[in-house]
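Structural description and commentary
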Amino acid sequence: MSQVPQVIAQLVAANRILANQGIVDAYGHVSMRHPENPNRYFLSRSLSPELVTAQDILEFHLDGEPVHPGGPQPYLERFIHGGVYEKRPEVQAVVHSHADAVLPFTISDVPLVPVIHTASDMGLQIPIWDIRDKFGDTNMLVIDMAQGRDMAAGLADHRVVLMRGHGFTATGRSLVEVVKTSVYLPRNATIQLQARMLGGSVKALTAGEIAIRSQVSPTATQMWRAWEYWCQLAGTDTGPAPKR
Ligand code: MN
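Our subject in this report is the structure included herewith. (Residues numbered from 1 in each chain as written. Predicted model: local features only at pLDDT ≥ 70, side-chain atom pairs only at ≥ 80, totals over all residues. Heavy atoms only, no water.)

1. Quick look at helix α5 (residues 145–155)
The cut-off we apply is this: A simple rule labels every residue: compare its accessible area, found with a 1.4 Å probe on the protein chains alone, to the largest value its type can have, and call it buried under 20%, exposed over 50%, or partly exposed in between. Under the scheme used here, helices are H or I runs from DSSP no shorter than 4 residues and strands are E runs no shorter than 2 residues, and both carry numbers assigned from the N terminus. Any pair of residues with heavy atoms lying within 4.5 Å of one another is described as a contacting pair. Polar contact is the term for a pair of N or O atoms within 3.5 Å; when the atoms are in protein, one must be able to donate a hydrogen and the other to accept it, and sequence-neighboring residues count only if both atoms are side-chain atoms.
Looking only at α5, the buried set comprises M145, Q147, G148, D150, M151, A152 and L155. Buried positions along α5 lie against α2 (79–87), β5 (128–129), α4 (131–135), β6 (160–163) and β7 (167–172). At the N-terminal boundary of α5, the capping side chain belongs to D144, with an oxygen 3.2 Å from the backbone nitrogen of A146. With its phi angle positive at about 50°, A156 sits one or two positions after the end of α5.

2. Description of the coordination of the manganese ion
Condition: Only N, O and S atoms count as donors, using a 2.8 Å cut-off from the metal and 3.2 Å for Na, K and Ca, and because water is excluded some sites may appear unfinished.
Around the manganese ion, the donor atoms from the protein are E77 (OE), H96 (NE2), H98 (NE2) and H166 (NE2), and they sit 2.1 Å away. In the primary structure, the donors to the manganese ion are separated according to the pattern E-x18-H-x1-H-x67-H. Linking E77 in the loop between β3 (57–61) and α2 with H96 in strand β4 (residues 93–97), this pair joins segments that are 19 residues apart in sequence. According to the relative accessible area criterion, H96 is buried, its value standing at 0%.

3. Here we look at the pattern of salt bridges
The cut-off we apply is this: We define a salt bridge as a contact between a side-chain nitrogen of Lys or Arg and a carboxyl oxygen of Asp or Glu at a distance within 4 Å.
Scanning all chains against the criterion turns up nine salt bridges. Across the pair D56 and R45 runs a salt bridge, and its minimum N-O distance is 2.8 Å. Of this pair, D56 sits in the loop between β2 (40–44) and β3 while R45 sits in the loop between β2 and β3, and the two are eleven residues apart along the sequence. One salt-bridge network, held together by shared partners, links R159, R173 and E177.

4. Description of the packing of aromatic side chains
The criterion, for reference: Any two of the Phe, Tyr and Trp rings considered here, Trp counted by its six-membered ring, make a pair once their centres fall within 6.5 Å; the pair's planes then place it as stacked at under 30 degrees, edge-to-face at over 60, or tilted in between.
Tallied over the full model, the rule gives four aromatic pairs. Centre to centre, the rings of Y41 and Y85 are 5.5 Å apart; their planes meet at 35°, and the pair counts as tilted. Taken together, the residues Y41 in strand β2 and Y85 in helix α2 connect sequence positions 44 residues apart. Comparing Y41 with Y85 shows no difference in burial state: the two are buried. Between Y184 and W230, the aromatic rings sit 6.4 Å apart at their centres with planes inclined by 55°, giving tilted as the arrangement. Residue Y184 is located in helix α6 (residues 175–197), and its partner W230 is located in helix α8 (residues 221–234); the two are separated by 46 residues in the primary sequence. For Y184, a relative accessible area of 18% gives the class buried. Relative accessible area serves as the criterion here: at 3%, W230 is assigned to the buried category. Three or more aromatic residues joined by ring pairs make a cluster, and in this case those are Y41, F60 and Y85.

5. What to know about the nonpolar core
Looking at soluble globular proteins, one finds that nonpolar side chains tend to be buried together. In plain terms, the rule: Residues enter a nonpolar core if they are buried and are Ala, Val, Leu, Ile, Met, Phe, Trp, Tyr or Cys, with the set joined through side-chain atoms within 4.5 Å.
Judged by nonpolar contacts, the single largest core of 68 residues is most densely connected at F168, L175, V179 and W227. Here this core takes ten residues from helix α1 (residues 4–20), the largest share from any one element. Discounting chain neighbours no more than four positions away, the residues touching V179 are A14, I17, L18, W227 and W230.

As structure tokens, then:
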């Protein structure tokens, strides 16, 4: 039986969670790789995530072309998703966000680092990609595959990439994992900023701590527990439970 209806239900729930948690607002988006065809992904039509229903989910080739042409207007920045899926075969889900708390770290030479255990999924190092480096003055948006691929090159093997003056793109081995990373990344940014305001030095998680925490399966029970909670807050169905 096709997993596609399940994946679409989960993707709808992810849209609602990210809106409810303030990670996306009018803008921002979340996608999932097609479970049966790694050369395709699912992403809403151009719509604020709070409003997304199953009928709004479109299927795309990795180059950003819709599988069914002539449909509704897609997101201008869908190339973020294809760029990442093309470069990183293990990535199953991608979030793009403009969350305020992260933005200072996209324009500062003080690096965003993991400082709270709940944000360990962000990884030890978070690169900053600056669209200006390769493309000069632009509207700051990732509007074609060349820009999507360049952003993915900036992401390299990391879990998250910051986008200068714009936001972040996060990756996950599962949809639940990338939602969790995206929820806790802005909180980590706020805590790191607050700790710096106290003066003195700030301690980050170590590579060893991150490695130990990353041993948790992205579909483990404790991940599903968070998903159920966020769905309840967002007033949305959980979608089917991921395979354990
Ligand atoms: Mn954007």
